[in-house]
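Survey of secondary and tertiary structure
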Amino acid sequence: LPTSAEAEKPPAVSNGDLRLGGKGKKLRKPRTIYSSVQLQALNQRFQQTQYLALPERAELAAQLGLTQTQVKIWFQNKRSKYKKIMKQG
């Protein structure tokens, strides 16, 4: 007979969707949807410079209501996309 503690144990999930205990994948935040105003400002800034200094990033993030991480990742992705397009000609 299983003890009450064993009976209450949830089944182990092995497909990687739910791994909270131990080392496993962190639960990802949902994808950020940028407004047209935010995208316009980000693209405009990217045309001026492909790299932002920390204070510039902080200022831009504050102006647009985004986190510094969101701005940083957007610039990383944009640079990557830009290089890919340039490589194609």
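Basis of the calculations
Residues numbered from 1 in each chain as written. Predicted model: local features only at pLDDT ≥ 70, side-chain atom pairs only at ≥ 80, totals over all residues. Heavy atoms only, no water. Core = buried A, V, L, I, M, F, W, Y, C linked by side-chain atoms within 4.5 Å. Buried < 20%, exposed > 50% of the residue type's maximum accessible area, 1.4 Å probe, protein only. Helix = DSSP H or I, 4+ residues; strand = E, 2+ residues; numbered from the N terminus. Contact = heavy atoms within 4.5 Å. pLDDT = per-residue confidence, 0-100. Axes fitted to C-alpha atoms, helices over the stretch in contact; angles between N-to-C directions. Parallel < 35°, antiparallel > 145°, perpendicular 65-115°, else oblique. Left-handed = near helix turned anticlockwise from the far one by under 90°. Nonpolar A, V, L, I, M, F, W, Y, C, P; charged D, E, K, R; others polar.

Let us look at the nonpolar core. Core analysis: the largest hydrophobic core is formed by 11 residues, namely Tyr-34, Leu-42, Phe-46, Leu-52, Leu-60, Ala-61, Leu-64, Leu-66, Val-71, Trp-74 and Phe-75. If you list the elements that add at least two residues to this core, you get helix 2 (36-48), helix 3 (54-64) and helix 4 (68-88). With residues up to four places along the chain from it excluded, the contact list for Tyr-34 reads Leu-39, Leu-42, Leu-66, Gln-70 and Trp-74.

Within the protein, residue pLDDT values average 84, and 75% of them lie at 70 or more. Confidence drops under pLDDT 50 across residues 5-19; counting only partners more than four residues distant or on other chains, this segment forms four contacts.

Okay, the packing of helix 2 against helix 4 next. Put simply, helix 2 and helix 4 touch, their axes get as near as 11 Å, and they point 60° apart. If you check the angle between helix 2 and helix 4, you find them oblique. Of the two possible hands of crossing, helix 2 and helix 4 adopt the one that is right-handed. Across from Leu-39, Leu-42, Asn-43, Arg-45 and Phe-46 in helix 2, the residues of helix 4 making contact are Val-71, Trp-74, Phe-75, Lys-78, Arg-79 and Tyr-82. In terms of residue class, the contact of helix 2 with helix 4 is made up of seven nonpolar, one polar and three charged.

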